Amino acid sequence: SLNTTATTLTPSGTTGSVTVTASAVTGINGGDGFLSTDVGRWLRIKHSSTWGAAKITARSSTTQVTAAVKDSFPFGATTAQSTWRLGAWCDTTGWPSAQPTFFDERLCLANSSEEPNAFWISRTDDFVTFSPTDPDGTVGASHGIRRILADNQVNAIHWLVSEEVLLAGTSD
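Rules behind the numbers
- In this numbering scheme, every chain counts its residues from 1 along its sequence in written order.
- Confidence filtering applies because this is a predicted model: local features only for residues at pLDDT of at least 70, side-chain atom pairs given and counted only at 80 or more, and all residues used for totals across whole chains, interfaces and linings.
- No hydrogens and no water enter the side-chain calculation; it runs on all heavy atoms of the structure.
- Put simply, DSSP marks the helices as runs of H or I at least four residues long and the strands as runs of E at least two long, and each gets a number from the N terminus on.
- Each residue is placed in one exposure class: buried if its accessible area under a 1.4 Å probe, protein chains only, is under 20% of its type's maximum, exposed if it is over 50%, and partly exposed if it falls in between.
- For patches, a residue must show more than 30% relative accessible area and have no salt bridge; joins then use 9 Å for like charges and 5 Å for nonpolar side chains, namely Val, Leu, Ile, Met, Phe, Trp and Tyr.
- Exposure was quantified through the Shrake-Rupley algorithm and a 1.4 Å probe, taking into account, for residues, occlusion by the shown protein chains and nothing else.
- Salt bridge criterion: a side-chain nitrogen from Lys or Arg within 4 Å of a carboxyl oxygen from Asp or Glu.
- N or O atoms closer than or at 3.5 Å make up a polar contact, with two conditions inside protein: a donor-capable atom paired with an acceptor-capable one, and, for residues adjacent in sequence, both atoms drawn from side chains.
- We treat two strands as partners when DSSP finds at least two bridges between them.
- Here the axes come from fitting lines to C-alpha atoms, over the contacting stretch only for helices, and the angles between their N-to-C directions go from 0 to 180 degrees.

Participant: Report on the environment of Ala 88, specifying residues and quantitative values.
Facilitator: Among the secondary structure elements, Ala 88 is positioned in the loop between β6 (83-86) and β7 (101-103). Residue classification places Ala 88 among the partly exposed positions, given a relative accessible area of 25%. Spatially, the C-alpha atom of Ala 88 lies 8.5 Å from that of Ser 112, the residues being 24 residues apart in sequence.

See the structure below:
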């Protein structure tokens, strides 16, 4: 989810293995900061109008992790950045547990322990990428999608089925 706090993240570089330092734990795992269970979790940091992406490979403390950069952090990104997001799934937040399906050349997953009524749809023909934008922030029809079922109560999604439309079976 997108960071909505004043906490900033500062990567030590723009490519390769970098150290990412947070200015505070606010907004990271409910205020607990980085946890050892965040290893393997994706981290995106935005500088100006460009996003960089890295996968957390080690945790040093509640405010510092090491990450392997996949999409280079833009030039200048080694200064404190206030727009960032952590990946939706890890051992901290849970993994999708509902019966998955394929729909319109996309992989559809749902129900993590932190978001039981959420579903995620991969990029078209790219079943392992759920990113909602390109690095430049462009949103296209083939990008990943994350949605929460809108209702007056939280109903966990138990299964997804692909028919002419995507169907979700919930707890209620």
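Moving on from the model shown.
Participant: Describe a nonpolar patch on the surface, with residues and values.
Facilitator: A contiguous nonpolar surface patch, about 330 Å² in accessible area, is contributed by Phe 102, Phe 127 and Val 128. For Phe 127, the location among the structural elements is in the loop between β9 (118-121) and β10 (145-148).

Participant: Break down the side chain of Ser 112 for me, citing the residues and quoting the values.
Facilitator: Here Ser 112 is to be found in the loop between β8 (106-110) and β9. A distance of 3.1 Å separates a polar atom in the side chain of Ser 112 from the backbone nitrogen of Glu 115.

Participant: Run through the sheet that holds β8, naming residues and quoting values.
Facilitator: Strand order in the open sheet formed by four strands is β7-β8-β9-β10, and the pairing between neighbours is antiparallel. In this open sheet, the two strands that pair with only one neighbour each are β7 and β10. Strand after strand, the sheet turns through a mean of 25° between neighbouring axes, direction not considered. As defined by bridge partners, β7 adjoins β8 across three bridges and the pair is classed as antiparallel. Of the residues in β8, the one forming a bridge with Phe 103 is Arg 106.

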